Amino acid sequence: MDEGYANLPTSHLLGSVPAVTQDDRKPSPPTAQDAAATSRLQEFPPAPGGNGGGYRPPGGPADGDVENQADWKGYFNVASYAPYFNVDTDVVVDRLISSIYPMDGFYRKIDANPDMYGPLWITTTLVFMLAAFGNYATYLMQNKNDLDIWNFDVGYFSWAASVMYGYAVIVPGMFFFLFQYFGSRQSLVRFWCMWGYSLFVFIPGSVLLLIPVEFLRWVIIALAGGASSWFIALNLKECTEGADLMVLMASASVLQFALALFIKVFFFA
């Protein structure tokens, strides 16, 4: 029996199984579809279907079910922005920690999937804390004889909302266009995300500013403003990819520290 199999030709034993060559083991080059999916990560707002940037909601509609992003109407479509708010709590917490510790590579964490949930939550929380704690700080700093004339200033809410929301939207947009003008191609939504998380340090700072000691208040706001400015400078340096844009980075840091001084002078004077 063994001799019979031994006398069979080799081609008969192999049958129709194709031989694997060295070229077959090489990975196939990326297709045009893969390149298009990667480029969509940089679009704003993201394409609701396919592999658009940001977070894709589970069970999201297919490509043909939602209007194409190339259409201008996509900017007014709520579904275009939904992926940026579909983010896990663990991701947001990790980014909050990275915003306080700038050396943790924050920009790399948001490079592929920036979110807007964290910045919106931070800004809104900061608005209410500045208005409430600012009023309470004036109460603590007044003399006991003057407490009978103290009133809660509702105008703090409108001022805090105008300044914080305006800063979180306009300043990143301004630097986005400046970077574009000087040849550094950036993503507007990543700038919004980065600037939004840079404001987180002012939330614990506003709590500490309740201490009714003026010298300590200035030390606290200087530390908070310095940390926020350093966070912006480091991440802008990382995203410029070696370009010489030191003037823009210095300007962004100065604006960030100026915001800290405004918080101290206006809300905690």
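Residues numbered from 1 in each chain as written. Predicted model: local features only at pLDDT ≥ 70, side-chain atom pairs only at ≥ 80, totals over all residues. Heavy atoms only, no water.

**Digging into the overall build of the protein chain**
Item 1. Helix and strand counts for the protein chain come out as 12 helices and zero strands.
Item 2. Across the protein chain, contacts joining residues at least 24 apart in sequence account for 73% of those joining residues at least 6 apart.
Item 3. Carbon together with sulfur atoms contributes 65% to the accessible area of the protein chain, which is approximately 15,500 Å² in total. (Helix = DSSP H or I, 4+ residues; strand = E, 2+ residues; numbered from the N terminus. Contact = heavy atoms within 4.5 Å. Areas by Shrake-Rupley, 256 points an atom, 1.4 Å probe, with all protein chains shown as cover.)

**Things to note about the UniProt feature "transmembrane region" (unreviewed entry) in the protein chain**
Item 1. Per the UniProt entry, the sites bearing "transmembrane region" (unreviewed entry) are residues 116-136, 156-179, 191-209, 215-233 and 245-267 in this numbering.
Item 2. When the span residues 215-233 is considered, its composition is 100% helix and 0% strand, and the gap between its end C-alpha atoms is 27 Å. (UniProt positions renumbered as here; feature names shortened; annotations may be inferred.)

**Considerations on the packing of aromatic side chains**
Item 1. Considering all chains together, one arrives at 14 aromatic pairs under this definition.
Item 2. Relative to phenylalanine 231, the ring of phenylalanine 106 lies with its centre 5.0 Å away and its plane at 65°, an arrangement referred to as edge-to-face. Residue phenylalanine 106 is located in helix H6 (residues 106-110), and its partner phenylalanine 231 is located in helix H11 (residues 214-239); the two are separated by 125 residues in the primary sequence. This pair shows no difference in class: phenylalanine 106 is buried, exactly as phenylalanine 231 is.
Item 3. Taking the centre distance of 5.8 Å and the plane angle of 40° together, the rings of tyrosine 156 and phenylalanine 266 count as tilted. Highlighted residues: tyrosine 156 in helix H8 (residues 155-181) and phenylalanine 266 in helix H12 (residues 246-267), separated in sequence by 110 residues.
Item 4. Members of the aromatic cluster, joined through ring pairs, are Tyr156, Trp159, Phe262, Phe266 and Phe267. (Phe/Tyr/Trp six-rings, centres within 6.5 Å; stacked < 30°, edge-to-face > 60°. Buried < 20%, exposed > 50% of the residue type's maximum accessible area, 1.4 Å probe, protein only.)

**A closer look at the packing of helix H9 (residues 188-198) against H11**
Item 1. Running from N to C, H9 and H11 point in directions that differ by 155°, and their axes come no closer than 9 Å. Judged by the angle between their axes, H9 and H11 are roughly antiparallel. Note that H9 runs across H11; the crossing there is right-handed. Contacts between H9 and H11 involve Phe191, Met194, Trp195, Tyr197 and Ser198 on the former and, on the latter, Ser228, Phe231, Ile232, Asn235, Leu236 and Cys239. (Axes fitted to C-alpha atoms, helices over the stretch in contact; angles between N-to-C directions. Parallel < 35°, antiparallel > 145°, perpendicular 65-115°, else oblique. Left-handed = near helix turned anticlockwise from the far one by under 90°.)

**Some details on the side chain of serine 228**
Item 1. Checked against the element boundaries, serine 228 lands in helix H11.
Item 2. For serine 228, a relative accessible area of 1% translates into the label buried.
Item 3. Residues contacting serine 228, with those up to four places away along its chain left out, are Ser198, Val201, Phe202 and Gln256.

**What about the nonpolar core?**
Item 1. Residues Leu130, Phe191, Met194, Trp195, Leu199, Phe202 and Leu236 are the most contacted members of the largest nonpolar core, which totals 55 residues.
Item 2. Of all the elements in the fold, those that place two or more residues in this core are helix H5 (89-100), H6, helix H7 (117-141), H8, H9, helix H10 (202-208), H11 and H12.
Item 3. Ignoring anything within four residues of it in the chain, the contact list for phenylalanine 191 reads Pro172, Phe175, Phe176, Phe179, Gln186, Leu236 and Cys239. (Core = buried A, V, L, I, M, F, W, Y, C linked by side-chain atoms within 4.5 Å.)

**Brief notes about H8**
Item 1. Between its first and last C-alpha, H8 extends 38 Å over 27 residues, near the 39 Å set by a 1.5 Å rise per residue.
Item 2. Within H8, the full set of buried residues consists of Tyr156, Ala160, Met164, Tyr167, Ala168, Val171, Pro172, Gly173, Phe175, Phe176, Phe179 and Gln180.
Item 3. Buried residues along H8 sit against H7, H9, H11 and H12.
Item 4. Immediately downstream of H8, the backbone of glycine 183 shows phi near 90°, a positive value. (Expected span 1.5 Å × (residues − 1).)

**Regarding the pattern of salt bridges**
It is possible for side chains of opposite charge to pair when their charged atoms get near one another.
Item 1. All told, the structure shown has three salt bridges when counted by the stated rule.
Item 2. Across the pair lysine 109 and aspartate 94 runs a salt bridge, and its minimum N-O distance is 3.0 Å. Placement of the pair is lysine 109 in helix H6 and aspartate 94 in helix H5, with a sequence separation of 15 residues.
Item 3. A salt bridge links aspartate 115 to arginine 95; its shortest N-O distance comes to 2.4 Å. In this pair, aspartate 115 is assigned in the loop between H6 and H7 and arginine 95 in helix H5, connecting sequence segments 20 residues apart. (Salt bridge = Lys/Arg side-chain N within 4 Å of Asp/Glu carboxyl O.)

**Describing a nonpolar patch on the surface**
Item 1. There is a patch of nonpolar side chains on the surface, built from Leu208, Ile211, Val213, Phe215, Leu216, Val219 and Leu223 and spanning about 620 Å² of accessible area.
Item 2. For leucine 223, a relative accessible area of 60% corresponds to the exposed category. (Patch = residues over 30% accessible without salt bridge, like charges linked within 9 Å, V, L, I, M, F, W, Y side chains within 5 Å.)

**Quick word on the environment of tryptophan 150**
Item 1. As for its position among the elements, tryptophan 150 is in the loop between H7 and H8.
Item 2. As a C-alpha pair, tryptophan 150 and tyrosine 139 span 11 residues in sequence and 6.9 Å in three-dimensional space.
Item 3. Discounting chain neighbours no more than four positions away, the residues touching tryptophan 150 are Asn135, Thr138, Tyr139 and Gln142.

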